[in-house]
Amino acid sequence: MECDYNFDEIRPYTDAEMAEGMKRATSSPELRSVIAYLFPDKNVEDYINYLLSLKTIHEFQDKIIASFLLDLVSKTGNGIDIEGLDALKNDRKYLFISNHRDIILDAALLNTLMIKSGFETAENAIGDNLCAKPWITEMMKLNKNFIVQRSGTKREIFEASKRLSAYIRRNIVEGRNSVWIAQREGRAKDSNDRTQESLLKMFSMSAGKDLKQSFIELNITPVSISYEYDACDFLKAKEFQVKRDDPEFKKTGADDVNSMKTGMVGYKGHIHYKVNEPINDILERELSDTDDRATIIEKLAAIIDRQIHANYKIYPGNYVALDELSGSQENQGRGYSEEEKATFDKYVAGQLAKIDLPNKDEAFLRERMLTMYANPLKNYLEAVK
């Protein structure tokens, strides 16, 4: 596949670039502070020397990133597992599209589970808003992340989208690396996961005349991510009220940093990943050669959503939330026990207590929290109907 774009500005580092990238990253006093915070039992200089001794990106991801994340999950959750990797083939590359729950963990945990299962990791799309400091950008590129430009003029964003589309297609078609990208920009605050058509339009920017075949060659593989508990649920509920009371409210970079930190250290319960099979056969069956561009994109979004929704892991709290929202006990006994209901209600009350607003609307905030946990179940039931 020929391409006129230079991808150096956005692409991850190669093994050959690792040593210099790590030197630049570890020269930052801020990174030293982060290491001291994350690993209080380690000598910072010894740890940095260990980082500088690593020779490959795979070694960095396996020994540093994956080990750290598995330890983190063991301390802040109740287990993690993945289903569906056995259907993947190491000689094929995949465009993983998943729902988006956590700013940092969604892609990082998928790669952790893949590398510990003997699979090559994917390159991950991250917004340039997360690259607030040079050392963060260095660490992101060392961890197989590529940069999605979200700031600039309309023309600049358009050109950046064309380059991104070409980069993703080259990776898949030329068999370089699998790619992970969230189904939407930003997390679905109410957990009503829907694929943004603008994302699919971005993919189509590098397509040939046959749009259907251009999507098929991307080998799109939906991934369903299920967190038993969303550590940022109270922050999302708070944001709903703030935006309700002040429609002009805009989040700051500090808000994103707080969400990243809360998502990392907050309690998550059990986490489940389901890697679905590529949807090529479904696209062959459901997309017509006579469909226009808008129809193809609309159908593709619906197909991805259906695959993600139908493969959630449903937890007792999802059933409790749906019943409490509808004022029924329809799912009691089959979806949850009295003890599980009490556990979930206690959890929600504890999260609501963390919200610090002067005009705190308890009823509204609780409804928003319950909706976050009910929506995955509602979408699951609709998808498997």
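Before any of the text, the structure's been laid out above.
Let me begin by describing the structure that accompanies this report. (Residues numbered from 1 in each chain as written. Predicted model: local features only at pLDDT ≥ 70, side-chain atom pairs only at ≥ 80, totals over all residues. Heavy atoms only, no water.)

A short note on the pattern of salt bridges
Inference 1: Counted under the stated rule, the structure contains 34 salt bridges.
Inference 2: Close ionic contact of Asp356 with Lys238 constitutes a salt bridge, the shortest N to O distance being 2.9 Å. A residue pair is termed long-range when its members are at least 10 positions apart, and Asp356 in the loop between α15 (338–352) and α16 (362–383) and Lys238 in helix α10 (residues 233–245) qualify at 118 residues.
Inference 3: With a relative accessible area of 55%, Asp356 lands in the exposed category.
Inference 4: Taking the relative accessible area as the measure of exposure, Lys238 reaches 24% and is therefore partly exposed.
Inference 5: The closest approach of N and O atoms between Glu286 and Arg306, which form a salt bridge, is 2.9 Å. (Salt bridge = Lys/Arg side-chain N within 4 Å of Asp/Glu carboxyl O. Helix = DSSP H or I, 4+ residues; strand = E, 2+ residues; numbered from the N terminus. Buried < 20%, exposed > 50% of the residue type's maximum accessible area, 1.4 Å probe, protein only.)

What to know about the pairing of strand β6 (residues 220–227)
Inference 1: With eight of eight residues buried, β6 is to be regarded as a mostly interior element.
Inference 2: Alternating residues of β6 divide into Ile220, Pro222, Ser224 and Ser226 and Thr221, Val223, Ile225 and Tyr227, and every residue in both groups is buried.
Inference 3: Inspection of the sheet shows β6 paired to strand β7 (residues 271–275) by five bridges, in the antiparallel sense. Residue Ser226 lies in a different strand from β7, and its bridge partner there is His272. (Pairing = 2+ DSSP bridges.)

Quick word on the packing of aromatic side chains
Inference 1: With the rule as written, the count across this model stands at twelve aromatic pairs.
Inference 2: Both rings, one in Tyr229 and one in Tyr267, keep their centres 5.7 Å apart while their planes meet at 35°; by these two values the pair is tilted. Here Tyr229, found in the loop between β6 and α10, pairs with Tyr267, found in the loop between α11 (253–265) and β7; they are 38 residues apart in sequence, far enough to count as distant.
Inference 3: Judged by centre distance (4.1 Å) and plane angle (40°), the ring pair of Tyr229 and Tyr347 falls under tilted. Of this pair, Tyr229 sits in the loop between β6 and α10 while Tyr347 sits in helix α15, and the two are 118 residues apart along the sequence. The pair Tyr229 / Tyr347 is uniform in exposure class, with both members buried.
Inference 4: Ring pairs connect the aromatic residues Tyr229, Tyr267, Phe344, Tyr347 and Tyr373, which therefore count as one cluster.
Inference 5: Sitting over the ring of Phe364, Arg244 keeps its end group 4.5 Å from the ring centre. (Phe/Tyr/Trp six-rings, centres within 6.5 Å; stacked < 30°, edge-to-face > 60°. Lys NZ or Arg CZ within 6 Å of the ring centre and 35° of its normal.)

Re helix α14 (residues 316–326)
Inference 1: Buried within α14 we find Gly317, Asn318, Tyr319, Val320, Ala321, Leu322 and Asp323.
Inference 2: One or two residues past the end of α14 sits Gly327, with phi positive at roughly 70°.

Describing empty space enclosed by the protein
Inference 1: Counting across every chain of the model gives four cavities of 30 Å³ or more.
Inference 2: Taken as a whole, the largest cavity encloses approximately 140 Å³ of empty space.
Inference 3: For the largest cavity, the lining is made up of 14 residues, of which Arg101, Tyr227, Asn318, Met372 and Pro376 are closest to its centre.
Inference 4: Residue assignment for the lining of the largest cavity shows that the elements contributing at least two residues are β6 and α16.
Inference 5: Tallied by class, residues from the lining of the largest cavity come to eight nonpolar, three polar and three charged.
Inference 6: Its volume calculated, the second largest cavity comes out at about 70 Å³.
Inference 7: Looking at the second largest cavity, the residues that line it are Leu88, Lys89, Asn90, Arg92, Lys93, Tyr94, Met114, Phe119, Glu120, Thr121 and Ser178.
Inference 8: Looking at the lining of the second largest cavity residue by residue, the classes come out as four nonpolar, three polar and four charged. (1 Å grid on protein atoms, 1.4 Å probe; cavity = no way out; pocket = protein on both sides within 12 Å on 5 of 7 lines; lining within 4 Å. Points joined across faces, edges and corners; volume = space filled by probe spheres on them. Nonpolar A, V, L, I, M, F, W, Y, C, P; charged D, E, K, R; others polar.)

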